[in-house]
Amino acid sequence: MSSGTGDPRYRLAADNRRARFDYEIGDVFEAGIMLTGTEIKSLRGGRSTIGDSYAAEKGGEVWLYNAYIPEYLQANQFNHETRRPRKLLLHKKEIAKLSQAVQRQGMTIVALKIYFNEKGRAKVEIALARGKKEHDKRQTEKARDWNREKGRLMRDKG
C-alpha cells in the first residue's frame, strides 16, 4: 500500500506520529471510514486529531474509537459528536486477521493516519502494533553514577 504523504494524489487529514514512537508497528491495513457529511467537511478543514485513537473489533466489525473530528461550525445545531465511534470498512479476511492478532498475540490496533485518496474518499491507515518495552531509567542512572564515581576514583589515585 502506498499512501505516502509525499504523493500528491493523497491529502493528509490527520497523522498519528506518536503511534510510531509508542508502538512497534506490524502489518498495515487501509480501511474506509463511515462518516457523516459534516465530519467530512471538518476533515477537509484539517483540524482533526487521532493521537489518542485506537480501533477494536466488536461483533464482526472494526470500530475506530476516540478520534477527534471537531464540529463543522457552518452546519446546523444537530451536528455530529466529536469523539463518537466510527465504523471502519474492511474485508472479512482482514477483520479476521486483526481479531486473531489481538486475541492470540495481544496486539493493539492503532490508527496511523486519515487521508483522502485520489478519488476524494476518506481512508484510515491502521496497523497491528505491539507496545515497546519501557526503558528502565533507574538502571541507566545507576550505570551513569557508577561511571562518574569510577572516574573520580581513578583521578584521585593517579
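For the structure, see preceding data.
Residues numbered from 1 in each chain as written. Predicted model: local features only at pLDDT ≥ 70, side-chain atom pairs only at ≥ 80, totals over all residues. Heavy atoms only, no water.

Trainee: What's the story with the overall build of the chain in this structure? I'm lost.
Mentor: On a plain count of helices and strands, the chain comes out with four helices and seven strands. From first element to last, N terminus to C terminus, the chain shows the α and β order β-α-β-α-β-β-β-α-β-β-α. Against the compact-globule benchmark of 15 Å for 158 residues, the chain has a radius of gyration of 22 Å, which places it well outside the compact range. Taken along its principal axes, the extent of the C-alpha atoms in the chain is 80 × 40 × 30 Å. Each of the 158 residues in the chain was classed as buried or not, and the buried ones make up 34%. When contacts within the chain are restricted to residue pairs at least 6 apart in sequence, long-range pairs at least 24 apart make up 66% of them. Seen as two clouds, the 33 positive and the 21 negative side-chain charges of the chain have centres 1 Å apart. (Helix = DSSP H or I, 4+ residues; strand = E, 2+ residues; numbered from the N terminus. Rg over C-alpha atoms; globule rule 2.2 N^0.38 Å. Buried < 20%, exposed > 50% of the residue type's maximum accessible area, 1.4 Å probe, protein only. Contact = heavy atoms within 4.5 Å. Lys, Arg positive; Asp, Glu negative; His and termini not counted. Charge placed at Lys NZ, Arg CZ, Asp CG, Glu CD.)

Trainee: Can you walk me through the environment of methionine 154 in this structure?
Mentor: Locating methionine 154 in the fold gives a position in helix α4 (residues 137-157). Expressed as a C-alpha distance, the spacing of methionine 154 and glutamine 103, which sit 51 residues apart in the sequence, is 54 Å.

Trainee: Got a minute to help me understand the pairing of strand β5 (residues 86-89) in this structure?
Mentor: Put simply, side chains in a regular strand alternate between the two faces of the sheet. Covered by surrounding structure in β5 are Arg86 and Leu88 only, the residues Lys87 and Leu89 on the alternate face being uncovered. As defined by bridge partners, strand β2 (residues 23-33) adjoins β5 across two bridges and the pair is classed as antiparallel. Opposite glycine 32, over in β5, you have leucine 89 as the bridge partner. As defined by bridge partners, strand β4 (residues 61-65) adjoins β5 across three bridges and the pair is classed as antiparallel. Across the sheet, valine 62 pairs through a bridge with leucine 88, a residue of β5. (Pairing = 2+ DSSP bridges.)

Trainee: Even after reading the chapter, I still don't get the pattern of salt bridges, so can you show me in this structure?
Mentor: Pairing between side chains becomes possible if they bear opposite charge and their charged atoms approach one another. Tallying each qualifying case throughout the model produces nine salt bridges. Residue aspartate 52 is joined to arginine 18 by a salt bridge in which the shortest nitrogen-to-oxygen separation is 3.2 Å. Of this pair, aspartate 52 sits in the loop between α2 (37-45) and β3 (54-58) while arginine 18 sits in helix α1 (residues 17-22), and the two are 34 residues apart along the sequence. The exposure class assigned to arginine 18 is partly exposed, which follows from its relative accessible area of 47%. Residue glutamate 125 pairs with arginine 20 through a salt bridge whose shortest N-O separation is 3.7 Å. Taken as a pair, glutamate 125 in strand β7 (residues 122-131) and arginine 20 in helix α1 lie far apart in primary sequence, 105 residues in all. Its relative accessible area of 5% is what places glutamate 125 among the buried residues. If you follow the salt bridges from partner to partner, you end up with Arg18, Asp22 and Asp52 in one network. (Salt bridge = Lys/Arg side-chain N within 4 Å of Asp/Glu carboxyl O.)

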